[in-house]
Amino acid sequence: MRFRAKIVDLACLNHFSRIINTIAKLAKTCILRLTVRKLYFILSDKVANGGASMWCELSQGNFFDEFQMEGVAAEHNEIYLELVPENLSRALRTAQSAKAVKIKLTNKHCPCLRVAVELPSLSSSSRIVTHDIPVGVIPRRMWNDFREPSVPDFDVSIYLPVLKTMKSVVERMKNLSNFVVIEANLSGEMNLKIETNLVSVTTHFKDLGNPPWASEDGCQSSAQGRDLEGMAEACIDIKKLQQLLAGQQVNPTKALCNIVRKRIVHFILLHEEVSLQYFIPAIA
């Protein structure tokens, strides 16, 4: 089992660093799954236990100048590692103006991801700062626990408003309640509501648009025969929603959410070569 990679392009490095920062805000520990073409950051708190889950996927070719890996076996050419994303984020913070960053899986005293940051220096020799990030190697028999979460049939799918705006609304609401009701319909309307014994506050968003999802037979699923004005709602933990919005450093080109009535809210943030899915279970 081997893995080594190198980033030389500074823009790619900073972009990668921002993604890791976002993940560090969403997960204390996560699984890093490495395949030949992609990297995945996975958080699978069991939704049944009220935990949020995350699935972030990026193509290695858009970030790394060199990328070599050999998985646990020829027919299972993958590596699954458990790590604390904050540690990786901290290591990359020292690389803001680096000439290159190398990441390598090592096993001196325990398995580690070694991040070697080559910094520019005034002399001809460069300074190299290394960080050893402890990781746990996930055995093959447990890989199935970290498959991509399946999306249940949703009642409504809607594009999100500007995330900064949504974030400031949620931050104000967080001071008033621990829960927020998110509801939307097929006419591009979405509301964020909190209701307590003392106060009830609703913020309305209009003209957001609803994504055209292709149905099973390949033709666009139509909203014919469906109630366009009816709201599908789910009550979720406001802290989890705030975490998602506060951690956003990816600036997605598309952001949308799918609501399964009273069951789950599924957020999808897309940015060119990165997709981040985040699932927040509803509170009964």
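As recorded by an unreviewed UniProt entry, the protein chain carries the name Checkpoint protein HUS1 and is attributed to Tichodroma muraria. According to its UniProt record, the protein chain has this under Sequence similarities (unreviewed entry): "Belongs to the HUS1 family." Of the comments in the UniProt record for the protein chain, the one headed Subunit (unreviewed entry) reads "Component of the toroidal 9-1-1 (RAD9-RAD1-HUS1) complex, composed of RAD9A, RAD1 and HUS1. The 9-1-1 complex associates with LIG1, POLB, FEN1, RAD17, HDAC1, RPA1 and RPA2. The 9-1-1 complex associates with the RAD17-RFC complex. HUS1 interacts with POLB, HDAC1, FEN1, PCNA and RAD9B. HUS1 does not interact with RAD17. Interacts with DNAJC7."

Moving on to the packing of helix α3 (residues 163-174) against helix α4 (residues 238-246). Running from amino to carboxyl end, α3 crosses α4 at an angle of 145 degrees, the nearest separation of the two axes being 9 Å. Handedness of the α3/α4 crossing: left-handed. The residues of α4 that touch α3, namely those facing L163, M166, K167, V170, E171, M173 and K174, are I238, L241, Q242, L245 and A246.

Here we come to the packing of aromatic side chains. Overall, the coordinates contain 6 aromatic pairs when judged by the stated rule. Plain terms: the ring middles of F16 and F63 are 5.8 Å apart, the flat faces sit at 55 degrees to each other, and that makes the pair tilted. One end of the pair, F16, is in helix α1 (residues 10-26); the other, F63, is in the loop between β4 (53-59) and β5 (66-70), with 47 residues separating them in the sequence. Of the two residues, F16 and F63, both sit in the buried class. Relative to F64, the ring of F16 has its centre 5.4 Å away and its plane inclined at 70 degrees; by these criteria the two rings are edge-to-face. Here the residue F16 occupies a position in helix α1, and F64 occupies one in the loop between β4 and β5, the gap between them amounting to 48 residues. In this pair, the class of F16 matches that of F64, namely buried. Members of the aromatic cluster, joined through ring pairs, are F3, F16, F63, F64 and F67.

Pairing within the open sheet is antiparallel, and its 5 strands lie in the order β5-β1-β7-β8-β9. The outermost strands of the open sheet, each flanked by one partner alone, are β5 and β9 (127-134). Taking the axes of each pair of neighbouring strands and ignoring which way they run, one obtains an average angle of 15 degrees across the sheet. The pairing of strand β1 (residues 2-7) with strand β7 (residues 100-107) spans 4 bridges and is classified as antiparallel. Along β7, the bridge assignment pairs I7 with V101.

What follows is about the pattern of salt bridges. Inspection of every chain in the model, using the stated rule, returns 12 salt bridges. Notably, a salt bridge pairs E78 with R33, separated by 2.9 Å at the nearest N-O pair. Note that E78 is positioned in the loop between β5 and β6 (79-83) and R33 in strand β2 (residues 30-34), a separation of 45 residues in sequence. On the accessibility criterion, R33 (10% relative accessible area) is buried. Ionic pairing is found between E233 and K262, a salt bridge with its closest N-O pair at 3.8 Å. Taken together, the residues span a long stretch of sequence, with E233 in strand β15 (residues 232-237) and K262 in the loop between β16 (254-260) and β17 (264-271) at a distance of 29 residues. Taking the relative accessible area as the measure of exposure, E233 reaches 26% and is therefore partly exposed. Here K262 falls in the exposed class, since its relative accessible area comes to 61%. Each member of the salt-bridge network shares a partner with another, and the members are E183, K193, E233 and K262.

A few words on unusual backbone geometry. Of note in this structure, D207 is not a glycine but carries a positive phi near 55 degrees. On the secondary structure map, D207 appears in the loop between β14 (200-205) and β15. D207 sits in the exposed class, given a relative accessible area of 73%. Despite not being glycine, K262 has its phi angle at roughly 60 degrees, a positive value.

Criteria and thresholds
Residues numbered from 1 in each chain as written. Predicted model: local features only at pLDDT ≥ 70, side-chain atom pairs only at ≥ 80, totals over all residues. Heavy atoms only, no water. UniProt positions renumbered as here; feature names shortened; annotations may be inferred. Axes fitted to C-alpha atoms, helices over the stretch in contact; angles between N-to-C directions. Helix = DSSP H or I, 4+ residues; strand = E, 2+ residues; numbered from the N terminus. Left-handed = near helix turned anticlockwise from the far one by under 90°. Contact = heavy atoms within 4.5 Å. Phe/Tyr/Trp six-rings, centres within 6.5 Å; stacked < 30°, edge-to-face > 60°. Buried < 20%, exposed > 50% of the residue type's maximum accessible area, 1.4 Å probe, protein only. Pairing = 2+ DSSP bridges. Salt bridge = Lys/Arg side-chain N within 4 Å of Asp/Glu carboxyl O.

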